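Secondary and tertiary structure notes
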Protein chains: 2
Amino acid sequence: MSLLLRGAGGARGALRPCCPWGRAASRRGLSSSSGAGGLPGGGAGVRPGRRSLLAGLAGAAAALAGLGLARRAEMVSREPVAPSLGGEEAAAEEEEDELSRRCGDFMAPPVSGLRELRSRRQDVRSRMEMLIMETQSQVCRALAQVDRGAAFTVDRWERKEGGGGISCVLQDGNIFEKAGVNVSVVSGHLSEEAVQQMRSRGKTLKTKNGKLPFCAMGVSSVIHPKNPHVPTIHFNYRYFEIEEADGTKQWWFGGGTDLTPTYLNEEDAVHFHKTLKEACDQHNPELYPKYKKWCDDYFYIKHRGERRGIGGIFFDDLDSPSKEEAFQFVQSCAKAVVPCYVPIVKKHSCDSFTPEEKLWQQLRRGRYVEFNLVYDRGTKFGLATPGSRIESILMSLPLTARWQYMHTPPEKSREAEILEVLRNPKDWVH
Amino acid sequence: MSLLLRGAGGARGALRPCCPWGRAASRRGLSSSSGAGGLPGGGAGVRPGRRSLLAGLAGAAAALAGLGLARRAEMVSREPVAPSLGGEEAAAEEEEDELSRRCGDFMAPPVSGLRELRSRRQDVRSRMEMLIMETQSQVCRALAQVDRGAAFTVDRWERKEGGGGISCVLQDGNIFEKAGVNVSVVSGHLSEEAVQQMRSRGKTLKTKNGKLPFCAMGVSSVIHPKNPHVPTIHFNYRYFEIEEADGTKQWWFGGGTDLTPTYLNEEDAVHFHKTLKEACDQHNPELYPKYKKWCDDYFYIKHRGERRGIGGIFFDDLDSPSKEEAFQFVQSCAKAVVPCYVPIVKKHSCDSFTPEEKLWQQLRRGRYVEFNLVYDRGTKFGLATPGSRIESILMSLPLTARWQYMHTPPEKSREAEILEVLRNPKDWVH
């Protein structure tokens, strides 16, 4: 069951922008500090009515979608957990509470519930959950504004063993073919299999009878636009905590943002990378070059000898210099999503295109599917985990894709130009 | 480089049928012993001119495509090996030779060359190579006839370490969206990795310094029609030989044929399974039930809880009761491909369909891609093998596919009807 956020205000809430972005702005230049970047959560649209949202929320199959970590999750069918308020006092408190005010802008109530979040508000777990909810909301609202009337479907799902998620999907809009932004917050015990998977990635963990208590959360998203001159974006920011048998707690962050254009536009590539570099440089000038390379290495379609796109940043196992500093860094990256992408969408969404350009986009979409199904660690792990919420995991696949036998673009064509960059990644900013 | 078989006769040969199959026949009933089943190799079309075929053949990247077994293959760029004839005497001998006559109907000269095939004509290796070449030719000609003017592209590729293959692809025809029939015949030494892969499948093999001389060959094919009322078919028949360190030779066959309809047609399902059962029953009445179940188990999309299609037969590691009897069985299965499928194509290729039915087909194509990229052993192994001929491996993917978030067909719809059968396989013949 899902709730469709459509229409202007009223019981079901609305994501239609108050002041729709117009065609006049479509040709302006790019600037990482320009308009869209400053979008506050919910600033662009009427926010969803909380009570009606709660009434419409659905219990569903649950697992970690796109996080690459989950225990067996089973279907549950019960009323969603509302922010745990007790009586009028608590309600009054909520009204004044800054946390409560921020939650009001979210696409749905946070998974952990307001009382729990408030009780440990200084804890990175709470702050990260607020950050991923805020990121989901900011991105969805910015996209809805650009799409001029698009409808996001909001699905809230729960996980029997603890936690759940919120999947927001816009399908067949004006500008976007398929845009999904997914949040999940899960906890429980890691299975032996998941522990093995983590060990092979360099983590040494002491289990108790092969089990590890864990907590994991993240926001992940893939946005596929219709126009072949508007690139696809993917981002994912996540946080893990694990308690070992001796009580030692391990924690780490992972994430990244990367761009997949159908055609190369150097100005866009520079804008995208420059915005990410600025976010990284606030914390350490060594981060961007390191995570840019990691991104090029990770999104590699080995059997094609091509990267999936023109890269961005990617990192995993980030547990230094301190939890606070790592969180601040992740926060900067998450806040860079809208400014690195939305100006590019605005710039190109009215560009004209030929049927041949649309066809090339569809072939590139086929490559996107190949990467996600054959190589992507999160997707593979999610598919292999019984009880995962498959629809949230495969939300990343494009609406349509194409495979043509022996398709080779002519030399010096615009199609060959992007292939060259996918085969030999470039440095876009220095 | 590839050779396009188009046009009526002449230097480049033709696959356009002499007496095109007409609309009048489209509504007739099904019978496994009817017309198409008896198609002789090359009976339907003018056969390609041998000399011009040779002139147009291309050296290309080579590996075992779809066989699930290969050593590292590298790009080669040299003239194809023509049937090794020396002087006029040999040419005269070839003219009279039955082997030579059969080769004349093939889509391209056989990989091993006529002299080699002739020198060991009683050997199962030679007989299997002739069988897979004949199967390729029969299927391509039958499809070309049904498609009324479709063009098959014939690519011949070589493998540096030994052997090569012939890929025949028809793309965007009148009836078929994408039809690929691939033959490969390779030999060399199995890598440690491949040996491990085989061991995990129950074979115990004694290597010499981790290497095993091997020979592998097979025909594999996927046919995706345009009309959603015409099902997709896949088949694959293969033979392996391995020589262990102590000189012991191991050999086995594998293969199968399975159908993936977009909508269920019970008459078609019965015809398809009955034809396969008849082929199996000629050899042993226990084979069909065993291989039917194996097929349902193998083509399982675990994360969806659905089979890819309505099954057929599937078997592997077949090394009994004798090499001769196993070969005879495989031959019966290969010869059943055209009669189990082509009558269904003829019956439905003029059926009218709605845009909604086309959309459902595209969603099912998405599932086909999921199975092939996530689960299919041959595809996975091929993609993981450096130097594989990727275009031949991914020939199995449909021209177009679709993924729609949370698509659920209405209860009791025709879409729900096929889903039910994919979730709970039925017995079609007893």
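The following paragraphs examine the structure supplied in this document. (Residues numbered from 1 in each chain as written. Chains lettered and ligands numbered in written order. Predicted model: local features only at pLDDT ≥ 70, side-chain atom pairs only at ≥ 80, totals over all residues. Heavy atoms only, no water.)

This paragraph deals with the overall build of chain A. Looking only at helices and strands, chain A has 14 helices and 11 strands in total. Relative to its 430 residues, chain A shows a buried fraction of 62%. In chain A, of all internal contacts separated by at least 6 residues, the share reaching a separation of at least 24 is 75%. Per element, the accessible surface of chain A, about 16,300 Å² overall, is 49% carbon and sulfur. (Helix = DSSP H or I, 4+ residues; strand = E, 2+ residues; numbered from the N terminus. Buried < 20%, exposed > 50% of the residue type's maximum accessible area, 1.4 Å probe, protein only. Contact = heavy atoms within 4.5 Å. Areas by Shrake-Rupley, 256 points an atom, 1.4 Å probe, with all protein chains shown as cover.)

The next thing to look at is helix α11 (residues 355-375) of chain B. Taking 1.5 Å per residue, 21 residues should reach 30 Å; α11(B) reaches 30 Å between its end C-alpha atoms and fits that length. Of all 21 residues in α11(B), 16 are buried; the element is thus mostly enclosed. (Expected span 1.5 Å × (residues − 1).)

At an RMSD of 0.0 Å, chain A and chain B line up after a rotation of 180° and a shift of 0.0 Å along the axis. What we have between these two chains is a two-fold relation. Identified as the residue of chain A closest to the rotation axis by C-alpha distance is A:Ala401, at 2.7 Å. (Least-squares fit on C-alpha atoms with pLDDT ≥ 70 in both.)

Turning our eyes to something else, we now look at the packing of aromatic side chains. All names here are of chain B. Per the counting criterion, the structure on display carries 30 aromatic pairs over all chains. Taking the centre distance of 4.7 Å and the plane angle of 85° together, the rings of tyrosine 298 and phenylalanine 299 count as edge-to-face. For the pair tyrosine 298 and phenylalanine 299, one class covers both residues: buried. (Phe/Tyr/Trp six-rings, centres within 6.5 Å; stacked < 30°, edge-to-face > 60°.)

Now for the pairing of strand β10 (residues 311-318) of chain A. All names here are of chain A. In terms of residue burial, β10 counts as a mostly covered element, since 7 of its 8 residues are buried. Sheet topology places strand β7 (residues 249-260) next to β10; 6 bridges connect them, and they run antiparallel. Bridge pairing in β10 places aspartate 258 opposite glycine 312. (Pairing = 2+ DSSP bridges.)

To continue, consider the interface of chain A and chain B. Counting from both sides, the interface comprises 27 residues of chain A and, opposite them, 27 residues of chain B. Interface area, chain A with chain B, both sides summed: about 2,800 Å², of which 60% is carbon and sulfur. The largest share of the area that chain A buries against chain B comes from A:Glu391, A:Trp403 and A:Tyr405, three residues that together contribute 29% of it. Where chain A touches chain B, the interface holds 2 salt bridges. Between B:Arg304 and A:Glu391 there is a salt bridge, with its nearest N and O atoms 3.4 Å apart. (Buried area = accessible area lost by both parts, 1.4 Å probe. Salt bridge = Lys/Arg side-chain N within 4 Å of Asp/Glu carboxyl O.)

Applying the stated criterion across every chain, the model contains 60 salt bridges over all chains. Between B:Arg367 and B:Glu306 there is a salt bridge, and its shortest N-O distance comes to 3.1 Å. Note that B:Arg367 is positioned in helix α11 and B:Glu306 in strand β9 (residues 306-307), a separation of 61 residues in sequence. Overall, B:Arg367 belongs to the buried group, its relative accessible area being 17%. When salt bridges with common partners are traced through the structure, they connect A:Asp123, A:Arg125, A:Glu241 and A:Lys323 into a single cluster.

This brings us to unusual backbone geometry. Residues and elements named next belong to chain A. Look at the link from serine 320 to proline 321: it is a cis peptide, with omega at 0°. For proline 321, the position within the fold is in the loop between β10 and α9 (323-335). Positive phi is not limited to glycine here, since aspartate 317 has a value of about 55°. Tracing the sequence through the fold places aspartate 317 in strand β10. Aspartate 317 gets classed as partly exposed once you look at its relative accessible area, which sits at 24%.

Take the side chain of B:Asn182 next. Residues and elements named next belong to chain B. Relative to the helices and strands, asparagine 182 is located in strand β4 (residues 176-190). Asparagine 182 sits in the buried class, given a relative accessible area of 1%. Within the structure, the side chain of asparagine 182 is placed 2.3 Å from the side chain of serine 167, a separation counted as a polar contact. (Polar contact = N/O pair within 3.5 Å; in protein donor to acceptor, adjacent residues only side chain to side chain.)

With respect to the helices and strands, the residue A:Thr260 is situated in strand β7. If sequence neighbours within four positions are ignored, A:Thr260 has contacts with A:Pro231, A:Thr232, A:Arg308, A:Gly309 and A:Tyr368.

Another point: the pairing of strand β2 (residues 152-158) of chain A. Side chains on a regular strand alternate between the two faces of the sheet. All names here are of chain A. Where burial is concerned, most of β2 is hidden: 7 out of the 7 residues are buried. Both β2 and strand β3 (residues 163-171) contribute to a ladder of 7 bridges, which runs antiparallel. When the sheet's bridge partners are listed, arginine 156 is paired in β3 with isoleucine 166. Adjacent in sequence and paired antiparallel, β2 and β3 are bridged by 4 residues, among which glycine 162 carries a positive phi angle near 140°.

This brings us to the packing of helix α9 (residues 323-335) of chain B against helix α10 (residues 337-348) of chain B. Residue and element names in this part refer to chain B. Taken N-terminus to C-terminus, the directions of α9 and α10 make an angle of 15°; their axes are 4 Å apart at the nearest point. Taken as axis vectors, α9 and α10 run roughly parallel relative to one another. Contact with α9, carried on its side by Cys333, Ala334 and Lys335, involves Val337, Val338 and Pro339 of α10 and no other residues of that element. For the contact of α9 with α10, the per-class residue count stands at 5 nonpolar, no polar and 1 charged. (Axes fitted to C-alpha atoms, helices over the stretch in contact; angles between N-to-C directions. Parallel < 35°, antiparallel > 145°, perpendicular 65-115°, else oblique. Nonpolar A, V, L, I, M, F, W, Y, C, P; charged D, E, K, R; others polar.)

Looking now at the packing of helix α7 (residues 266-281) of chain B against α10(B). Any two packed helices are characterised by how steeply their axes cross, that is the angle between the axes, and by the distance between the axes. All names here are of chain B. One way to put it is that α7 packs onto α10 with a least axis distance of 8 Å and a crossing angle of 160°. One way to sum up the angle between α7 and α10 is to call them roughly antiparallel. When you trace α7 past α10, the crossing you get is right-handed. Counting all contacts with α7, which are made through Glu267, Asp268, His271, Phe272, Thr275 and Leu276, the residues of α10 involved are Pro339, Cys340, Pro343, Ile344, Lys347 and His348. Of the residues in the contact of α7 with α10, the class split is 6 nonpolar, 3 polar and 3 charged. (Left-handed = near helix turned anticlockwise from the far one by under 90°.)

With respect to the secondary-structure elements, A:Lys346 resides in helix α10 (residues 337-348). C-alpha of A:Lys346 to C-alpha of A:Val230: the two residues are 116 residues apart in sequence and 8.7 Å apart in space.

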